[in-house]
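Chain by chain, the residues run as shown.
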Amino acid sequence: MGHDTRALSAAQIASFVAEGFVRIDDAFPAATAEAARAILWRDTGCDPHDRSTWTRPVVRLGHYAQPPFREAANTPVLHAAFDQLAGLGRWLPQGALGTFPVRFPSPDDPGDAGWHIDVSFGDSADFMEWRANVFSKGRALLMLFLFSDVGPDDAPTRIRAGSHIDIARQLAPAGAAGLTLRELAADGFAGSAHRREVAATGKAGTVYLCHPFLVHAAQPHRGTEPRFMAQPPLLPREPLSLDRTDGAYSPVEQAIREAIGS
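Residues numbered from 1 in each chain as written. Predicted model: local features only at pLDDT ≥ 70, side-chain atom pairs only at ≥ 80, totals over all residues. Heavy atoms only, no water.

Draft legend 1. Examining unusual backbone geometry more closely. Positive phi outside glycine occurs at Ser136, with the angle close to 50°. Position of Ser136 relative to the elements: it lies in the loop between strand E4 (131-132) and strand E5 (141-146). Of the residues examined, Ser136 reaches a relative accessible area of 2% and is grouped as buried. One non-glycine residue with positive phi stands out, namely Ala155, at about 55°. (Helix = DSSP H or I, 4+ residues; strand = E, 2+ residues; numbered from the N terminus. Buried < 20%, exposed > 50% of the residue type's maximum accessible area, 1.4 Å probe, protein only.)

Draft legend 2. A look at the pattern of salt bridges. Going through the model one piece at a time under the given rule, you end up with ten salt bridges. Close ionic contact of Arg182 with Glu129 constitutes a salt bridge, the shortest N to O distance being 2.4 Å. Of the two residues, Arg182 sits in helix H6 (residues 181-184) while Glu129 sits in the loop between strand E3 (100-103) and E4, which places them 53 residues apart along the sequence. When its relative accessible area of 39% is taken as the criterion, Arg182 is described as partly exposed. A salt bridge links Glu253 to Arg244, with the nearest nitrogen and oxygen atoms 2.7 Å apart. Judged by its relative accessible area of 16%, Arg244 is buried. Overlapping salt bridges bring together Arg90, Arg244 and Glu253 as one network. (Salt bridge = Lys/Arg side-chain N within 4 Å of Asp/Glu carboxyl O.)

Draft legend 3. A look at the environment of Phe189. Tracing the backbone through its elements, the reader meets Phe189 in the loop between H6 and strand E8 (197-199). When neighbours within four sequence positions are excluded, Phe189 is seen to be in contact with Trp115, His116, Ile117, Arg160, Ile167, Leu181, Leu184 and Val215. (Contact = heavy atoms within 4.5 Å.)

Draft legend 4. Representation of the environment of Pro156 within the structure. Residue placement: Pro156 occurs in the loop between E5 and strand E6 (158-160). The spacing of Pro156 and Gly202 is 46 residues in sequence and 8.8 Å in space, taken between C-alpha atoms. Sequence-distant contacts of Pro156, that is, excluding residues within four places in its chain, are made with Val150, Gly151, Ala199, Ala200, Thr201, Gln219 and Arg227.

What follows is the structure in structure tokens.
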């Protein structure tokens, strides 16, 4: 396990079940974040020292598997937290980190700041036709990896605390087939509009581990320095189960069961 096996406390796990997320400070080293940012800056085609090159509110970069990204995703503290939240050994290690929406300071609407959940399975070219189901097929966690310092003005992801409960209840009647993102978004995610809003701020090296059903949104960048963040899924090694004979439910499963009254 290495020397750094800080585990989540019982209170943090209870908070994850109730609120749908837990924040881990110093989940990976600031130096690792800095090495990763250097690679990302190069790929944005923008110059860190010349703001006239920062012409778009968001630049989307693909998947990254270079050492700083792999190191960030696989620290002992994160592996310990994955075991605690998704179930011991029930997740797949990360070979890479998912897409990076790099957000630049801009008065313009980024065009992608609506409330949503990250759907997890489908084969349609139309992403709105991708689906989620009550068993969270294809996704054990949603994760937010902060590769730059993110303050309140730096386009932090907005989170609706406890919204995973609303989504679990919405998905339950649809069974294994689940619902498409278009169906889930039909009411603009009004079912969780009453929830407390939290901004995913933190220093570079902070990671938010979120329930797959957590409703979240981007927002415009009103700060001064670009925001670098990855939002990969943690992939399940085996399907989640809401009916275990041994009762050994992970907190992800426990939250769904409590939401739907199992």
